[in-house]
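Descriptive structure summary
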Amino acid sequence: SSDHDPVLIGLNLAADTAAVSVEPATVVEGASAIVTVRLSRALTRDVVITWSAAVAGGDTASAADFSAGTGSVTIPAGQTTGAISIATTQDAWVEGNETFTVTLTGASAGVNLATASTQVTIIDDDGAQTVVLSVAPSSVGEASATSIVFTLTRAGGSAEQRAEALVASITPPASNPRYTTTCGSTLTIAANETAATCTVTPIDNALVDGDASVSMTVQPGAGYMVSGAATATATITDDDRATRTLTGLALPGLTATASVTFSAQGGCGVEVTTARFVALGGASVTTPAPSVGPTGVTLPFGLFEFDVQTCVGGTIEVAITYPAAIVGAMKWGYVSPAATAPSWFAVPGATYSGNVLRFMATDGGALDNDRIANGRIIDPVAVIQPAASSAAVPVPTVGAPLLALLMFALVVMGAMARRRLH
């Protein structure tokens, strides 16, 4: 052979291949995520790998949270790793940790994509705002002019958060004819403010319908957490009673007293504005007031007048207990809807039991002097007794037999008296 004989050199092409993978990464929001790309072995040549960053299925980030897009990274010859840098966005919202996906889209010849995608987790570094729900007062009467106030107060968080309005989701008080409310499905704490309120105002009625509970609930949401109880509750108390009793009522010109019980019917309540006994001409709620009583009778206990509230069109039972037995009662008012002037007439449906008078009065009915169904019953009524008779009292007469006997007795008595003188 000559010195120039050709020599065949074999090349091991398999030795210049590798697999590439992308590894998960974590970053605090506002910093750049560093995503590592790793070769299964170092190669003798540079390797170029292309990639994309985007929100994929199952991710929680939005496009505003990081720099989505595409790019490439070069792993130099003899090295096994390269780094992809992706910027994230600093914000002031309490969003929790969020993710996006980096996908390897291609590589130099001889490099296979082993693990082609991974998630990057953005750590939320914002301090959580908290909201606290409270209510005051905890109880009001249904006739009160005071409203129930629900207050939502925020605390904590960053200055950026506090400079933004906070819109909280709430479950407002349920619809109820017992109150009105300004509370809706959201309650907004204005920018740079710490609290917001909504109110519940009670509505008075004449029904015995029990207490009403009023509740509001705040739901957790974006940018805040709920601290303490999520639900606040207050109570509207029912001030209506089916029965009202008054005792020790003074009677005109007497030291004895009377009592009265008003009993509302049909689930209604009764409130007493006036209930008193007056002499004729002294009535104040009765217009026009009577100045003379019924003919042929006297009013031993004066005139009882009352002014009560109940349901519109409602009926009450009136039971008056006097200090002595009674035999009848008269009312001063309008005997019929057509009457144009008041007069005395017997109390319709009245019952008498010893010293107790009972009768029913209906709002707008015959025993209501304003004759209007307006939830107010005004009624003057008086018990009566017959007037003393002015006729001459007859002298008793003696029969003849009795007269003769009396005369005989006188004769005997006279004879006995003369004998003693002798």
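Residues numbered from 1 in each chain as written. Predicted model: local features only at pLDDT ≥ 70, side-chain atom pairs only at ≥ 80, totals over all residues. Heavy atoms only, no water.

In terms of regular secondary structure, the chain is built from two helices and 30 strands. When burial is assessed residue by residue, the chain has 35% of its 422 residues classed as buried. A separation threshold of at least 6 residues defines the contact pool for the chain, and within that pool the share at least 24 residues apart is 68%. Element-wise, carbon and sulfur atoms account for 58% of the exposed surface of the chain, whose accessible area totals about 21800 Å². (Helix = DSSP H or I, 4+ residues; strand = E, 2+ residues; numbered from the N terminus. Buried < 20%, exposed > 50% of the residue type's maximum accessible area, 1.4 Å probe, protein only. Contact = heavy atoms within 4.5 Å. Areas by Shrake-Rupley, 256 points an atom, 1.4 Å probe, with all protein chains shown as cover.)

Cis peptide bonds are those with omega within 30 degrees of zero, and the linkage from Ala136 to Pro137 qualifies with -10 degrees. The residue Pro137 is located in the loop between strand 10 (129-136) and strand 11 (139-141) in this model. A positive phi angle, near 65 degrees, is found at Asn192, a position not held by glycine. Positive phi is not limited to glycine here, since Arg371 has a value of about 55 degrees.

Glancing now at the state of the cysteines. Working definition of a disulfide: a covalent bond connecting the sulfur atoms of two cysteines. Summed over all chains, the structure comprises two disulfides. Here Cys183 pairs with Cys198 through a disulfide, and the sulfurs are 2.0 Å apart. Torsion about the S-S bond of the Cys183 and Cys198 cystine: about 90 degrees, corresponding to right-handed handedness. Here Cys183, found in the loop between strand 14 (179-181) and strand 15 (186-189), pairs with Cys198, found in strand 16 (residues 195-202); they are 15 residues apart in sequence, far enough to count as distant. Both residues of the pair, Cys183 and Cys198, belong to the buried class. Each bonded cysteine in the chain gets a number by its place in the sequence, and the pairs come out as 1-2, 3-4. (Disulfide = S-S within 2.5 Å.)

A few words on the side chain of Asp307. Topologically, Asp307 is positioned in strand 24 (residues 303-309). Separated by 2.6 Å, the side chains of Asp307 and Arg376 make a polar contact. Residues within four places of Asp307 in sequence aside, it is in contact with Glu271, Val272, Thr273, Thr274, Val285, Arg376, Ile377 and Ile378. (Polar contact = N/O pair within 3.5 Å; in protein donor to acceptor, adjacent residues only side chain to side chain.)

Reading across the sheet, the five strands line up as 2-9-7-4-5 and stay open at both edges, with mixed pairing between neighbours. For this open sheet the edge positions go to strand 2 (25-28) and strand 5 (69-75), each flanked by a neighbour on one side alone. Between one strand axis and the next, the sheet turns by 30 degrees as a mean value, whatever way the strands run. The pairing of strand 2 with strand 9 (residues 117-123) spans four bridges and is classified as parallel. From the neighbouring strand, Thr26 faces strand 9, where its bridge partner is Thr121. (Pairing = 2+ DSSP bridges. Axes fitted to C-alpha atoms, helices over the stretch in contact; angles between N-to-C directions.)

A few words now on the nonpolar core. Counting residues in each nonpolar core, the largest one holds 30 residues, and the members touching the most others are Phe262, Phe304, Phe306, Ile316, Ile320, Leu357 and Phe359. Among the secondary structure elements, those contributing two or more residues to this core are strand 21 (257-264), strand 22 (271-278), strand 24, strand 25 (315-321), strand 29 (356-362) and strand 30 (376-386). With four residues, strand 21 is the largest single contributor of residues to this core. Core analysis: the second largest hydrophobic core is formed by 26 residues, Ala25, Val27, Leu43 and Ile49 among them. (Core = buried A, V, L, I, M, F, W, Y, C linked by side-chain atoms within 4.5 Å.)

Moving on, we come to the sheet that holds strand 12 (residues 148-156). Judged by pairing direction, the sheet is mixed, and its five strands sit side by side in the order 14-16-12-10-18 without closing on themselves. Two strands lie at the open edges of the sheet, namely strand 14 and strand 18 (224-226), each paired on one side alone. Shown here is a sheet whose adjacent strand axes are inclined to one another by a mean of 25 degrees, direction ignored. Pairing analysis gives eight bridges linking strand 10 to strand 12, with the strands arranged antiparallel. What sits directly across from Gln129, in strand 12, is Gly156.

Here Asp65 lies in the loop between strand 4 (47-54) and strand 5. It turns out Asp65 is buried and unbridged, and the closest side chain with the opposite charge, Arg154, is 19 Å from it. Those residues in contact with Asp65 that sit more than four places away from it in its chain are Thr88, Thr89, Asp91, Glu95, Glu98 and Ile122. (Lys, Arg positive; Asp, Glu negative; His and termini not counted. Salt bridge = Lys/Arg side-chain N within 4 Å of Asp/Glu carboxyl O.)

A few words now on the packing of aromatic side chains. Applying the stated criterion to the full structure yields seven aromatic pairs. The interplanar angle of 35 degrees and the centroid separation of 5.8 Å between the aromatic rings of Phe304 and Phe306 together place this pair among those described as tilted. Of the two residues, Phe304 and Phe306, both sit in the buried class. Grouping aromatic residues by their ring pairs yields a cluster made of Phe262, Phe277, Phe301, Phe304, Phe306 and Tyr322. (Phe/Tyr/Trp six-rings, centres within 6.5 Å; stacked < 30°, edge-to-face > 60°.)

For the rest of this paragraph, the subject is the confidence of the model for the chain. Chain-level pLDDT for the chain is 86 on average; 86% of the residues reach the 70-or-more range. Per-element mean pLDDT across the chain ranges from 56 in helix 2 (residues 400-421) up to 97 in strand 16. Counting contacts from residues 6-13, a segment whose pLDDT is below 50, to residues more than four positions away or on other chains yields zero contacts. This stretch, residues 389-398, has a pLDDT under 50; its non-local contacts, to residues over four places away or in other chains, come to one contact. (pLDDT = per-residue confidence, 0-100.)

Turning next to the pattern of salt bridges. This structure, assessed with the given rule, holds nine salt bridges. Here Arg358 and Glu317 are joined by a salt bridge, their closest N and O atoms 3.6 Å apart. Note that Arg358 is positioned in strand 29 and Glu317 in strand 25, a separation of 41 residues in sequence. A relative accessible area of 38% places Arg358 in the partly exposed class. For Glu317, a relative accessible area of 23% corresponds to the partly exposed category. Connected through shared salt-bridge partners, Glu142, Arg178 and Asp209 make up one network.

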